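Reading the structure
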Amino acid sequence: MTASNAVTPKERGHRKTVFSGIQPSGIVHIGNYVGAIRNWAGMLDDHDCTFCVVDLHAMTVPYEPHEMRQRIVDTFTLNMAAGLDPERCCLFVQSHVSEVAELCWILMTCASMGDLSRMTQFKDKSDKLKGQVSAGLFTYPVLMAADILLYRAEVVPVGEDQTQHLEFAREVTRRFNSTFGETFAEPGPLFSDVPRLMGLQNKDKMSKSLNNYISLLDEPEQIWAKLKTAATDPARVRRRDPGTPEICNIFTMHKAFSPPEDIEWSAQGCRSAEIGCIDCKRCVTDNMAAELAPISEEYHELAAAPDRVRQLMERGAETARARARRTLDEVRQRVGLR
Ligand code: TRP
């Protein structure tokens with residue numbers, strides 16, 4: 001080994017800090033699982049991971065308080081059951097660590113109104129809300145920057161829809177550093193290379209609000225009922241028409257849930273019209289159901305032990321809070337509040 005690529009013990013021991021936020025939608029669908037949670041779970045051992053149920057972000061659009069309470073607990077529990085093992089990462093609820101609000105305020109003074117007004121997600125959401133647009137929705141990206149910097153994330157795994165928000169967080173970081181001195185490393189994005197699952201009609205991405213999803217808690221019969229009628233390659237009208245797996249959402253599901261031999265079987269059989277869509281869907285249903293069964297089981301076990309879940313939430317918050325306080329101590333010094 002040459003000196004230039006020698007790794008010091010300190011470097012060898014450095015596990016990159018990872019942070020991401022999870023919306024408390026109360027359900028987790030297979031799109032969330034394949035696109036995010038499953039990849040994150042694969043990072044736990046060689047990264048220092050923190051994942052947060054972002055209830056404060058969820059308040060930026062109208063909601064029912066009693067539903068929110070339940071959605072927070074359900075989302076926390078589901079993510080734990082789906083692989084975010086609290087023994088191997090820090091999983092917590094955003095509002096349980098109120099330090100984020102203070103850092104958010106401080107970053108608000110570094111954030112540019114012009115940048116905020118160019119956020120496409122703000123434009124999309126405020127168009128839909130008509131007349132009920134809160135300042136919280138406008139400053140949503142500042143709170144996201146506060147999450148990232150408070151826990152000193154080096155790597156932020158996000159979906160494409162968050163690219164602009166992350167770029168904004170990087171800009172806020174640069175402004176903070178140039179105004180108050182080098183304090184934070186610029187957080188980098190981590191995009192997942194897994195294909196995005198579309199909704200069951202293959203029109204929009206899979207989402208709770210469009211009700212076009214398969215939930216992690218769906219039973220095999222429910223999965224089958226949904227897949228049976230799900231869209232496939234529209235050019236494959238009759239069984240004997242050859243199909244194009246690459247444009248079929250069911251094939252994407254095979255790639256996400258099936259072993260290599262089944263993926264190959266589906267691709268070959270579809271192209272040659274040797275198998276019909278129903279055979280192909282049965283196979284993917286079985287593979288998907290097999291992967292989801294232990295997640296459901298774990299979820300129901302946890303859901304039956306609310307005290308334990310509450311305890312795990314508290315423990316996650318404590319770990320996160322300790323880190324948050326260290327960051328804020330430094331920030332208060334830097335900005336001249338102490
Ligand atoms: N805005 C993100 C989303 O909707 C969630 C989020 C909040 C987040 N804070 C974050 C993601 C910090 C990454 C880092 O998906």
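Parameters and conventions
For every chain, the first residue of the written sequence is number 1, and numbering continues from 1 along that sequence. Under the rules for a predicted model, residues below a pLDDT of 70 receive no local features and side-chain atom pairs below 80 are neither given nor counted, while totals for whole chains, interfaces and linings still include all residues. Neither water nor hydrogens contribute to the side-chain values; these are computed over all heavy atoms in the structure. The salt bridge criterion pairs a side-chain nitrogen of Lys or Arg with a carboxyl oxygen of Asp or Glu, the two atoms within 4 Å. Counting from the N terminus, the helices are the DSSP runs of H or I reaching at least four residues and the strands are the DSSP runs of E reaching at least two. Burial classes follow relative accessibility: with a 1.4 Å probe on protein chains only, a residue under 20% of its type's maximum area counts as buried, one over 50% as exposed, and anything between as partly exposed. What makes two residues a contact is simply this: any of their non-hydrogen atoms within 4.5 Å. Here, a disulfide means two cysteine sulfur atoms that sit within 2.5 Å of each other. One less than the residue count of a helix, multiplied by 1.5 Å, gives the span that helix is expected to have. The criterion is simple. A nonpolar core is a set of buried Ala, Val, Leu, Ile, Met, Phe, Trp, Tyr and Cys residues joined through side-chain atoms within 4.5 Å. As annotated, the domain borders come from an automatic or database domain assignment. Think of each axis as a best-fit line through the C-alpha atoms, taken over the contacting stretch in the case of a helix, with angles from 0 to 180 degrees between the N-to-C directions. Throughout this description, any angle smaller than 35 degrees is read as roughly parallel, any larger than 145 degrees as roughly antiparallel, any in the 65 to 115 degree range as roughly perpendicular, and the remainder as oblique. In this scheme the crossing of two helices becomes right-handed for a clockwise turn of the near helix relative to the far one and left-handed for an anticlockwise turn of less than a right angle. Note that Gly is not counted as nonpolar here; it falls among the polar residues with everything else outside the nonpolar set of Ala, Val, Leu, Ile, Met, Phe, Trp, Tyr, Cys and Pro and the charged set of Asp, Glu, Lys and Arg. Accessible surface is computed with a 1.4 Å probe, and the buried area is the amount of it that two parts give up when combined, taken over both parts together. For the handedness criterion, the strands are oriented away from the viewer, and a crossover whose path from the first strand over the helix to the second runs clockwise is classed as right-handed.

Quick look at the pattern of salt bridges now. Proximity of charged atoms lets side chains of opposite charge pair with each other. This structure, assessed with the given rule, holds 23 salt bridges. The partner of Lys-205 in a salt bridge is Asp-161, with the nearest N and O atoms 3.9 Å apart. Placement of Lys-205 in the loop between β5 (188-190) and α11 (220-228) and of Asp-161 in the loop between β4 (155-157) and α10 (163-180) is noted, with a sequence separation of 44 residues between them. The class for Asp-161 is partly exposed, based on a relative accessible area of 39%.

For the rest of this paragraph, the subject is the side chain of Thr-252. The residue Thr-252 is located in helix α12 (residues 249-257) in this model. Among residues more than four places away in sequence, those in contact with Thr-252 are Pro-195, Arg-196 and Leu-197.

Another point: the state of the cysteines. Across all of its chains, the model carries 0 disulfides by this definition. The thiol sulfur of Cys-248 is not disulfide-bonded, and the nearest other cysteine sulfur, from Cys-277, lies at 6.2 Å.

The end-to-end C-alpha distance of helix α13 (residues 260-271), which contains 12 residues, comes to 17 Å, matching closely the 16 Å that a straight helix rising 1.5 Å per residue would cover. Restricting attention to buried positions, one finds in α13 the residues Asp-262, Ile-263, Ser-266, Ala-267, Gly-269 and Cys-270. Looking at the buried positions of α13, the neighbouring elements they touch are α12 and α14 (277-303). Downstream of α13 by a residue or two, Ala-273 has a phi angle that is positive, lying close to 60°.

Among the nonpolar cores identified, the biggest contains 57 residues, and Ile-30, Phe-51, Leu-227 and Met-253 are the most heavily contacted of them. Each of domain 1 (9-196 + 306-335) and domain 2 (220-298) accounts for three or more of the residues forming this core. The contacts of Phe-51, once residues within four sequence positions are left out, are Val-18, Ser-20, Ile-22, Trp-40, Leu-44, Leu-84, Cys-89, Cys-90, Leu-91 and Phe-92. Membership of the second largest hydrophobic core comes to 43 residues, among which are Val-100, Leu-166, Phe-168 and Ala-169.

Look at α13 against α14: their axes get within 10 Å of each other, and the N-to-C directions meet at 165°. Relative to α14, the element α13 is oriented roughly antiparallel. Handedness of the crossing formed by α13 with α14: left-handed. Where α13 abuts α14, its residues Asp-262, Trp-265 and Ser-266 lie against Asp-279, Cys-280, Cys-283 and Asn-287. Partitioning the contact of α13 with α14 into residue classes produces 3 nonpolar, 2 polar and 2 charged.

On to the domain arrangement of the chain. When its domains are assigned, the chain resolves into domain 1 (9-196 + 306-335) and domain 2 (220-298). Residue-level contacts link 8 residues of domain 1 with 9 residues of domain 2. Counting each side, the surface lost to burial between domain 1 and domain 2 is near 760 Å², with a carbon and sulfur contribution of 72%. At the junction of domain 1 with domain 2, the criterion picks out 1 salt bridge.

Moving on: the pairing of strand β1 (residues 17-22). Within a regular strand, side chains alternate between the sheet's two faces. Within β1, 5 of the 6 residues are buried, leaving the element largely enclosed by the surrounding structure. For the segment spanning β1, helix α2 (residues 30-41) and strand β2 (residues 48-53), crossover handedness is right-handed.

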